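What follows is the residue order along each chain.
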Amino acid sequence: MMKGFTLIEAVAVMLLLGILAAVVILRSSPFGGVKLEAATRKVASDVRYARELSLATQKRAGLLLSSSGYSLYADITNSTLAEAPEGGCSSNEAGKFVVDFSAPRCREFQGVSLSYSSATLAFSATGALVDASGTSIPQASITVSYQGSKTIVINGTTGRVSY
């Protein structure tokens, strides 16, 4: 009588160990951090774009935030949505600047959510942070969440965006 494992038994054990390792690797994937970083950069970049738009047009540009995204307005006073760059996550069907992290066009950001200190962030013609009525805000924050969180802080006086 021989002692030991047959080739089939050894292959079955290796296969089970491979499947178990794949599950562990996927659950502790660093890709969650990459998605969070990418989403944070996108939101911060779009906040900066809203400020630049207000300076360029001398109108109150800004963002209307929700938990799953935001709309960027070229003139928030008249509810005029900004034109979006072609394609990508920023453009809705009408070509307007609407970011919806739950939409199929934003699949790289699926599962990302936002929380914020103010649902409306606008910038005056001088680039200062204001609310929907035009009243100065000393500071605002947006927290981007996906397997962790990062907070974007907007300085009310300078409009500086940092995270």
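For the structure, check the block above.
Let me begin by describing the structure that accompanies this report. None of these values were measured; they are calculated from a predicted model.

## A word on the overall build of the chain
Line of reasoning, step 1. Check the secondary structure of the chain and you find two helices and 10 strands.
Line of reasoning, step 2. Each helix (α) and strand (β) of the chain, taken in turn from the N terminus, gives the series α-α-β-β-β-β-β-β-β-β-β-β.
Line of reasoning, step 3. A compact globule built from 163 residues should have a C-alpha radius of gyration of about 15 Å, whereas the chain, at 23 Å, is more than 25% larger.
Line of reasoning, step 4. Along the longest, intermediate and shortest principal axes, the C-alpha atoms of the chain span 90 × 35 × 20 Å.
Line of reasoning, step 5. Taken across its 163 residues, the chain has 39% of its residues classed as buried.
Line of reasoning, step 6. Pairs at least 24 apart in sequence give 50% of the contacts found in the chain among residues at least 6 apart.
Line of reasoning, step 7. Only carbon and sulfur atoms are counted for the fraction: they give 61% of the accessible area of the chain, which is about 9500 Å².
Line of reasoning, step 8. Positive and negative side-chain charges in the chain, numbering 14 and 11 respectively, have mean positions lying 6 Å apart.

## Details of the pairing of strand 1 (residues 61–66)
Line of reasoning, step 1. Pairing of strand 1 with strand 6 (residues 120–123), which is carried by four bridges, proceeds in the antiparallel orientation. Residue pairing across strands places Ala61 opposite Phe123, the latter belonging to strand 6.
Line of reasoning, step 2. One ladder, built from five bridges, connects strand 1 with strand 2 (residues 69–75); its direction is antiparallel. The residue bridging Leu64 from the neighbouring strand is Ser71, located in strand 2.

## Some remarks on unusual backbone geometry
Line of reasoning, step 1. Positive phi values are uncommon outside glycine, yet Gln58 reaches one of about 60°.
Line of reasoning, step 2. Looking at the element boundaries, Gln58 is found in the loop between helix 2 (31–57) and strand 1.
Line of reasoning, step 3. Given the relative accessible area of 52%, Gln58 is considered exposed.

## Notes on the state of the cysteines
Line of reasoning, step 1. For the structure on display, the rule yields one disulfide.
Line of reasoning, step 2. Here Cys89 is linked by a disulfide to Cys106, with a sulfur-sulfur distance of 1.9 Å. Disulfide Cys89-Cys106: the torsion about the S-S bond is 100°, which places it as right-handed. In this pair, Cys89 sits in the loop between strand 3 (80–81) and strand 4 (98–100) while Cys106 sits in the loop between strand 4 and strand 5 (113–116), placing the two residues 17 residues apart along the sequence.

## A word on a nonpolar patch on the surface
Line of reasoning, step 1. Among the surface-exposed residues, Val13, Met14, Leu17, Leu20 and Val24 lie close enough to one another that they form a single nonpolar patch of about 510 Å² accessible area.
Line of reasoning, step 2. Considering the arrangement of structural elements, one finds Leu17 in helix 1 (residues 7–27).

## Focus: the pattern of salt bridges
Line of reasoning, step 1. Within the structure shown, the criterion is met by five salt bridges.
Line of reasoning, step 2. For Asp46, the salt bridge goes to Lys42, with nearest N and O atoms at 2.9 Å. Of this pair, Asp46 and Lys42 both sit in helix 2, four residues apart, which is roughly one turn of that helix.
Line of reasoning, step 3. With a shortest N-O distance of 2.4 Å, Glu83 and Lys96 are connected by a salt bridge. With Glu83 in the loop between strand 3 and strand 4 and Lys96 in the loop between strand 3 and strand 4, this pair connects stretches of sequence that are 13 residues apart.
Line of reasoning, step 4. Its relative accessible area of 25% is what places Lys96 among the partly exposed residues.
Line of reasoning, step 5. Here the salt bridges share partners, and the residues they tie into one network are Glu37, Arg41 and Lys150.

The rules we used
Residues numbered from 1 in each chain as written. Predicted model: local features only at pLDDT ≥ 70, side-chain atom pairs only at ≥ 80, totals over all residues. Heavy atoms only, no water. Helix = DSSP H or I, 4+ residues; strand = E, 2+ residues; numbered from the N terminus. Rg over C-alpha atoms; globule rule 2.2 N^0.38 Å. Buried < 20%, exposed > 50% of the residue type's maximum accessible area, 1.4 Å probe, protein only. Contact = heavy atoms within 4.5 Å. Areas by Shrake-Rupley, 256 points an atom, 1.4 Å probe, with all protein chains shown as cover. Lys, Arg positive; Asp, Glu negative; His and termini not counted. Charge placed at Lys NZ, Arg CZ, Asp CG, Glu CD. Pairing = 2+ DSSP bridges. Disulfide = S-S within 2.5 Å. Patch = residues over 30% accessible without salt bridge, like charges linked within 9 Å, V, L, I, M, F, W, Y side chains within 5 Å. Salt bridge = Lys/Arg side-chain N within 4 Å of Asp/Glu carboxyl O.

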